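If you want the building blocks of each chain, they are given just below.
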Amino acid sequence: QVQLVESGGGLVQAGGSLRLSCAASGVTFSKLAMAWFRQAPGNEREFVAAVTVVTWSGVGTHYTDSVKGRFTISRDNAKNTVNLQMNSLRPEDTAVYYCAGGRVFSTTADHYEYWGQGTQVTVSS
């Protein structure tokens, strides 16, 4: 049974930082592309960041424009985890953040087979 478990959410003031982690089990983590999505109340789930599998040339990452330069996604295949370092947080970053894994590197939620339960991030102004 595949499980993705997020942690690290919470309440932070604008300009602050949080680090989200997602631990995977029941799956060959190294073969999955991993991503973070978020969903604010009344909004659709949106792509935040994704990281490819590790290849001989390293890893690739992709970010939505609104988080470029502020968020960093990384993976640790030895620990079966993917992290999202979030700096310079803004009130508009407030959402439930979801970890996702799939066999295709994509910015589209439908392309990911595995999902965590979500962790709340609240940024106060």
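What you see is a predicted model, and the numbers here were worked out from it, not measured in a lab. (Residues numbered from 1 in each chain as written. Predicted model: local features only at pLDDT ≥ 70, side-chain atom pairs only at ≥ 80, totals over all residues. Heavy atoms only, no water.)

Looking at the overall build of the chain
And step 1. For the chain, the helix and strand inventory stands at zero helices and 11 strands.
And step 2. Sequence-ordered secondary structure for the chain, helices as α and strands as β, is β-β-β-β-β-β-β-β-β-β-β.
And step 3. Taken against the 2.2 N^0.38 rule, which gives 14 Å for 125 residues, the C-alpha radius of gyration of the chain at 14 Å falls within 12% of a compact globule.
And step 4. Expressed along its principal axes, the backbone C-alpha trace of the chain runs to roughly 40 × 30 × 25 Å.
And step 5. In the chain, the share of contacts with a sequence separation of at least 24, taken over all contacts with a separation of at least 6, comes to 58%.
And step 6. Computed over 10 positive and 9 negative side-chain charges, the inter-centroid distance for the chain is 8 Å. (Helix = DSSP H or I, 4+ residues; strand = E, 2+ residues; numbered from the N terminus. Rg over C-alpha atoms; globule rule 2.2 N^0.38 Å. Contact = heavy atoms within 4.5 Å. Lys, Arg positive; Asp, Glu negative; His and termini not counted. Charge placed at Lys NZ, Arg CZ, Asp CG, Glu CD.)

Observations concerning the state of the cysteines
And step 1. This model, assessed by the stated rule, comprises one disulfide.
And step 2. Covalent S-S linkage joins Cys22 and Cys99, the inter-sulfur distance amounting to 2.1 Å. Disulfide Cys22-Cys99: torsion about the S-S bond near -75°, hence left-handed. In this pair, Cys22 is assigned in strand β3 (residues 18–25) and Cys99 in strand β9 (residues 95–102), connecting sequence segments 77 residues apart.
And step 3. The class of Cys99 is buried, set by a relative accessible area of 0%. (Disulfide = S-S within 2.5 Å. Buried < 20%, exposed > 50% of the residue type's maximum accessible area, 1.4 Å probe, protein only.)

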